[in-house]
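Here are the chains, one letter per residue:
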Amino acid sequence: MNSNYWNDQNSPVMPVSAPDFMPQEQLRELQLHRLKSLVKYTYDRVELFRNRCVERGVRPEHIKNLEDIAILPTFTKSDLRDTYPFGLFATPMSEIVRFHASSGTTGKPIVVAYTKDDLRLWSECVQRALAACGLGAGDIIQNAYGYGLFTGGLGLHQGATDLGLTVVPVSGGNSERQIMLMRDFGATAVSCTPSYFLHLIDAAKAQGVDMRDLPLRVGVFGAEPWTDEMRRHIEEEAGIEAFDIYGLTEICGPGVGIECKEHHGLHIFEDHFYPEILDPETLEPLPDGEEGELVFTTLTKQAMPMIRYRTRDLSVIGPDPCECGRRIRRIRRIHARTDDMLIIRGVNIFPSQIEAGLLSVDGALPHYAIIVTRENNLDKLEVQVEIPREKFSDKISEIEKLRAQIAESIHRIINIAATVTLAEPNSLPRSEGKARRVTDLRGRQ
Ligand code: ADP
Ligand code: ZN
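Conventions used here
- Residues numbered from 1 in each chain as written.
- Chains lettered and ligands numbered in written order.
- Predicted model: local features only at pLDDT ≥ 70, side-chain atom pairs only at ≥ 80, totals over all residues.
- Heavy atoms only, no water.
- Helix = DSSP H or I, 4+ residues; strand = E, 2+ residues; numbered from the N terminus.
- Near = heavy atom within 4 Å.
- Polar contact = N/O pair within 3.5 Å; in protein donor to acceptor, adjacent residues only side chain to side chain.
- Areas by Shrake-Rupley, 256 points an atom, 1.4 Å probe, with all protein chains shown as cover.
- Nonpolar A, V, L, I, M, F, W, Y, C, P; charged D, E, K, R; others polar.
- 1 Å grid on protein atoms, 1.4 Å probe; cavity = no way out; pocket = protein on both sides within 12 Å on 5 of 7 lines; lining within 4 Å.
- Points joined across faces, edges and corners; volume = space filled by probe spheres on them.
- Core = buried A, V, L, I, M, F, W, Y, C linked by side-chain atoms within 4.5 Å.
- Buried < 20%, exposed > 50% of the residue type's maximum accessible area, 1.4 Å probe, protein only.
- Contact = heavy atoms within 4.5 Å.

1. As for unusual backbone geometry
In step 1: Residue Pro 319 follows Gly 318 across a cis peptide bond; omega there is -5°.
In step 2: Within the secondary structure, Pro 319 is located in the loop between strand S12 (309–315) and strand S13 (330–331).
In step 3: Geometrically, the link from Asp 320 to Pro 321 is a cis peptide bond, its omega value of -10° lying close to zero.
In step 4: Turning to its location among the elements, Pro 321 is positioned in the loop between S12 and S13.
In step 5: The phi angle at Arg 308 is positive, at roughly 45°, despite the residue not being glycine.
In step 6: Position of Arg 308 relative to the elements: it lies in the loop between strand S11 (292–298) and S12.

Below is the structure:
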């Protein structure tokens, strides 16, 4: 007997990814329809949005086509902080079934809320994301994102469950146990931050487990920037295909965008999250293909709709179309956000550039720390990089050669000199969630 005996066998089955393939004209129509309702809905229910519209002389009926979105005000993280905790909610508490909050490493966390429909929508997006990674019923996913207020754990969990995967809700931490479970349960997929997965690779090695011998075949990694160099390292070491998943608490959590098998940009589920790229200085919309700040409008969220929310992430929309056949647009992978840019001796530098530089040298491990100091009014950049233990037994001249190669490779990319220090394996701090690789001591000296 078919195990799905409760399903009506005559009803047409709509694949979860169907909206990804919707003709663009139809998609734009749907977006416009949703945008109009959203603006009216939010205007009626969220005071801050209404006030900002009134200041600009904007009324909901002024939205006549998609480009008119540019007349609406933008919002930032400080708006969420200023209205903490519930000031941007658009529904009464009786309709809200879940809160999440961002880490809040600087001051108060930001709080977001979901109705039942919001949770369904979030799950739909995570399902579409996992389906794009080639996952489905029969796969076992070890979900090592943190469970709790952080959106990663529960967000991935629900989508994976609804898609029919077998979920191992292990959360982050206790790496030894993670490896034991991964092996014993035969996980075919794993989800966590890329930096935590690096840590798991090391933990496996320490237990004499070669991940390449396990059934693991897919990694779903996100919540922090990671480079293609890092991807190559991960895929080689673990024998898997690594996919980049993108999301942010303010918009829903993971599942705003996902790489397809082309691994050339992330598809945005734009029937729910309308993307724009703005010039971060002037806030003017930029055409597809130009780099700027990524801004989202949640077209279907109820409890806490976001209109033109500035992510601070830098990206580019396009190119279009994608070989995989999806018609929803792609963004370039996020390798930088406006607020993690370091200005060193007047040069703008992103940590991902340093990562790309050091990882293109054979012998450098993907564990590194960036320390910025100021001596005699001059910025100094130090990069600490782990190298394999056996390298330390090489001749001093060989070690020095490796150090110089890494320094040179970083210099080629960022155009300023960094002092490179080689470190023993496992000597730099590890994280169970998002990695913290930069220590900027300039303000404190
Ligand atoms: P916080 O803003 O406190 O870090 P979030 O968990 O909401 O809390 O983090 C969202 C941010 O994480 C995004 O705006 C982005 O900068 C980063 N991020 C999430 N996924 C990715 C990804 N796949 N690649 C690069 N950065 C990512
Ligand atoms: Zn694609």
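2. What to know about the site of ligand 1
In step 1: Close to ligand 1 lie 20 residues, the nearest being Asp 244, Ile 245, Thr 249, Asp 313 and Arg 337.
In step 2: Ile 245 places a polar main-chain atom, nitrogen or oxygen, 2.7 Å from a nitrogen atom of ligand 1.
In step 3: Burial of ligand 1 by the protein amounts to 93% of the accessible area it has alone, namely 560 Å².
In step 4: The element best represented in the shell around ligand 1 is strand S7 (residues 241–248), accounting for five residues.
In step 5: Broken down by class, the residue content of the shell around ligand 1 amounts to seven nonpolar, five polar and eight charged.

3. Side note on empty space enclosed by the protein
In step 1: Counted by the stated rule, this structure contains two cavities of 30 Å³ or more.
In step 2: Considering only enclosed or pocket space, the largest cavity measures out at about 70 Å³ in volume.
In step 3: Lining the largest cavity are Thr 42, Val 46, Phe 49, Phe 75, Leu 88, Pro 305, Met 306 and Ile 307.
In step 4: Considered as a void within the structure, the second largest cavity measures approximately 50 Å³ in volume.
In step 5: Leu 80, Thr 83, Tyr 84, Pro 85, Gly 87, Leu 88, Phe 89, Val 111 and Met 304 together form the lining of the second largest cavity.
In step 6: Partitioning the lining of the second largest cavity into residue classes produces seven nonpolar, two polar and no charged.

4. Thoughts on the nonpolar core
In step 1: Of all hydrophobic cores here, the largest spans 72 residues; its most connected members are Phe 49, Leu 72, Leu 130, Phe 273 and Phe 296.
In step 2: With eight residues, the top contributor of residues to this core is helix H4 (residues 116–132).
In step 3: Among residues more than four places away in sequence, those in contact with Phe 49 are Val 39, Thr 42, Tyr 43, Leu 72, Pro 73, Phe 75 and Ile 307.

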